[in-house]
Amino acid sequence: MHPQGTGNPARPDADSRRDSGNSPHLWSEGGGAPAEAPPRGPFVERRRHRGAAQTRHEALEPVHRLLAEYEEANRFLAEAEECYRGLFENALIGIFRLNADGEPLIVNPSMARICGFETPGEMLGAVFNFGEMIFVDSSQWSDFVRSLQAGNVLSGFEAEICDRRGTRKWVELNVQPVLDGGGILYHEGSAEDITERKRNEDRIRLLAYYDPVTGLPKRAMFEERLSEALSVASWKSQRVALLLLELERFKMLNDSLGKEFGDGLLKEVAERIRIAVGEETTVVRLGGAEFAVILQDAKAAREVEQFAAEVVAAVAGKFSLLGHSLNISCTMGISIFPVHGRDGQMLLERADVAMVSARESGTNAFQLFTEEMNHRIRERLRLENDLRLALDRGELYLVYQPQVDIRTGDVSGLEALLRWRHPAMGIVPPGEFIGIAESSGLIVPIGEWVLRTACTQAKKWQDTGLRPVPIAVNVSAIQFRQQGFCELVRCILEETGLDPKYLELELTEGLLLTNLDVMLMLVKELRVMGVKLTIDDFGTGYSSLGYLRQFKVNRLKIDRSFVNDVSVNADDAAITTAIINMARALNLEVLAEGVENAEQLDFLRAQNCYEIQGYYFSKPVAVEQIAAQLQGKFLQ
Ligand code: C2E
Ligand code: CA
Ligand code: CA
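Attention shifts here to the overall build of the protein. Summing up its helical and strand segments, the protein has 26 helices and 21 strands in all. Scored against the burial criterion, the 636 residues of the protein give a buried share of 44%. When the accessible surface of the protein is split by element, carbon and sulfur atoms take 52% of a total near 31900 Å².

The following block contains the structure:
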């Protein structure tokens, strides 16, 4: 093989060498002059004398026959050559013959075109070394040559070439050696321009492997990268940490603020993760709002946790887009190879378990997998499955806790509280299953059932002539943000015939503060409908005064944790007093929940808080006991 540029000293006669060889003039200028006719002259001459000498003719019969056959054969050859020439000239794929040095000896017009030349002649005059001239990747050319020199037949060899005009193309080459005795005489082959196909393949690859929103690799690529990382690690006796990160509240944000906002958020988070982990570390978007980071050569668990903390801290923080501004928060679960699993699937499952556990422990939390978690998660899954069936099986029911106006001793309202009669576990308190219902989405049908049941029951009490009081229903954030929530409330009120002023919805502060604009609209719509709104567990959330002014809710419910210690803890007493005063200043009703004893009650009364709910008066009770409570009086 001659390196390009050093040239072939014998080049001046290269063309004559080609012409004088056995090869037909297939590359001749003009690209397709008809084949020269065989030398027919003498035969025509001889035919002229046929009639003149009959006897001689007979004697010469065999010769004539032979000549005719010869003529026939020649004609056949000429036709065949024309046929093959036509095929060669007009073939859409490139056809070529190279000598052992890689120099093209014959090329058809398509081959010339593929290489960026007008005609075969032009190409043959300019290209002395096929590969070095056009292959983009020299190592590809070396592979190609090595394989050819070994006498291999190459089929489907894909190479990127750069044609004479500098255009990059992909070709598929099929080449085979033509042997002469033991040695390779030359190589013949075909080349097909597969640029379009390659482009399509690339496009498909890009779509299959990369997420168009964030530009990060997708799950398909993640599996490849993780298994690569694991094989390197087991060979080098290293550890690999798999970090799963999930954005909190993404679905809700995406649904309520729109896809453009959601995409922008994902892009920003991807960027924050990328910057935090550095160029070398693989970051993948697994789908939805879930990302994975593969930390190769992870050191001690403490260092992995340090790394995780940095990533979480980088992701968490303010984010503004399209006029919305919010705090991004996330949770992260981590598993480590080979401690928690030896294959990708196992590591992924365990990182996921750790993530669920982290989610339960709060926002912006991360956790390393532990065996104990595994057990807990399995329990949880079992409970989730049972809960899925609970509604259909009629295992859910409501109990009601009275709210008492201590100025009169009358029941001023009832809070509906959910219970689950589990066939094996007995009565399960909501604290043990509301979270599961929320994370599995089951809260939506369950919440709807609660709302309908409570409204139906309230109407029933009224219809039996009992004094009407508002019925308070707890609404989960997920349920409240569900599209069509207001519509659902309206439908249920219509369906049950309950006057809206007797329905009170208990919302939490956190629920209202995310996605403020949408919440303000929802709250307004419900108020217009005539439904009462209460902020539950007040004091435990953001307790920002500003939003209380914006949200026209009806009342605040002071959280049980403050009420608990009002008589013994000065701070709690101060907070409770502050809440009561603030509510009054804002013209809001205020109720204290969790009142268990007379000291607490006295304190609250002294602060002019008259609405009380708690075990001091009554625990939540079954439907049948409510009539008596409504008719009677507390505090007598
Ligand atoms: P919550 O809305 O704060 O409800 C008050 C909880 O405090 C109830 O617990 C009630 O039984 C309890 N409680 C009332 N008075 C006292 C007291 O004097 N001392 C003590 N220690 N506790 C008292 P419960 O019924 O176990 O409900 C727990 C939580 O589950 C509720 O807290 C609420 O957040 C949630 N929940 C209950 N029912 C539903 C429901 O239908 N939908 C939704 N989304 N959540 C519900
Ligand atoms: Ca409540
Ligand atoms: Ca509460």
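At a minimum axis distance of 10 Å, the contact between helix H14 (residues 344-361) and helix H15 (residues 371-390) shows a crossing angle of 75°. Classified by the angle between their axes, H14 and H15 sit roughly perpendicular to one another. Of the residues in H15, those touching H14 at Arg350, Val353, Ala354, Val356, Ser357 and Glu360 are Glu371, Met373, Asn374, Arg376, Ile377 and Arg380. Split by residue class, the contact of H14 with H15 holds five nonpolar, two polar and five charged.

With that out of the way, let us pick up the coordination of the calcium ion (ligand 2). Within the protein, Glu415 (OE), Asn474 (OD1), Glu506 (OE) and Asp536 (OD) serve as the donor atoms for the calcium ion (ligand 2), at 2.1 to 2.3 Å. Expressed as a motif, the donor residue spacing for the calcium ion (ligand 2) is E-x58-N-x31-E-x29-D. Separating the calcium ion (ligand 2) from the calcium ion (ligand 3) is a distance of 4.0 Å, and aspartate 536 supplies a donor atom to each of them. Taken together, the positions of glutamate 415 in strand S14 (residues 410-422) and asparagine 474 in strand S16 (residues 471-474) put the pair 59 residues apart, joining distant regions of the chain. When its relative accessible area of 29% is taken as the criterion, asparagine 474 is described as partly exposed.

Looking now at the site of ligand 1. Among the 20 residues in the neighbourhood of ligand 1, the closest are listed as Arg419, Asn474, Arg560, Glu596 and Tyr615. Here an oxygen atom of ligand 1 and a side-chain polar atom of asparagine 474 are 3.0 Å apart. Aspartate 536 has a polar side-chain atom sitting 3.0 Å from an oxygen atom of ligand 1. About the coverage of ligand 1: the protein hides 83% of its 780 Å² of free accessible area. Elements with a minimum of two residues in the shell around ligand 1: S14, helix H16 (430-440) and strand S18 (532-538). No other element matches the four residues that S14 contributes to the shell around ligand 1. Residues of the shell around ligand 1, tallied by class, amount to eight nonpolar, five polar and seven charged.

Bringing the sheet that holds strand S2 (residues 104-107) into the picture now. Strand order in the open sheet formed by five strands is S2-S1-S5-S4-S3, and the pairing between neighbours is antiparallel. For this open sheet the edge positions go to S2 and strand S3 (154-162), each flanked by a neighbour on one side alone. Averaged over all neighbouring strand pairs, the angle between strand axes comes to 30°, with direction disregarded. Of the strand pairs in this sheet, strand S1 (residues 94-99) and strand S5 (residues 183-193) are connected by six bridges, and their pairing is antiparallel. Residue phenylalanine 96 lies in a different strand from S5, and its bridge partner there is glycine 189. Seen against the sheet, helix H9 (residues 195-209) touches S3, strand S4 (168-180) and S5 and runs at an angle of roughly 125° to S4.

Definitions and cut-offs
- Residues numbered from 1 in each chain as written.
- Chains lettered and ligands numbered in written order.
- Predicted model: local features only at pLDDT ≥ 70, side-chain atom pairs only at ≥ 80, totals over all residues.
- Heavy atoms only, no water.
- Helix = DSSP H or I, 4+ residues; strand = E, 2+ residues; numbered from the N terminus.
- Buried < 20%, exposed > 50% of the residue type's maximum accessible area, 1.4 Å probe, protein only.
- Areas by Shrake-Rupley, 256 points an atom, 1.4 Å probe, with all protein chains shown as cover.
- Axes fitted to C-alpha atoms, helices over the stretch in contact; angles between N-to-C directions.
- Parallel < 35°, antiparallel > 145°, perpendicular 65-115°, else oblique.
- Contact = heavy atoms within 4.5 Å.
- Nonpolar A, V, L, I, M, F, W, Y, C, P; charged D, E, K, R; others polar.
- Donors = N, O, S within 2.8 Å, 3.2 Å for Na, K, Ca; no water.
- Near = heavy atom within 4 Å.
- Polar contact = N/O pair within 3.5 Å; in protein donor to acceptor, adjacent residues only side chain to side chain.
- Pairing = 2+ DSSP bridges.

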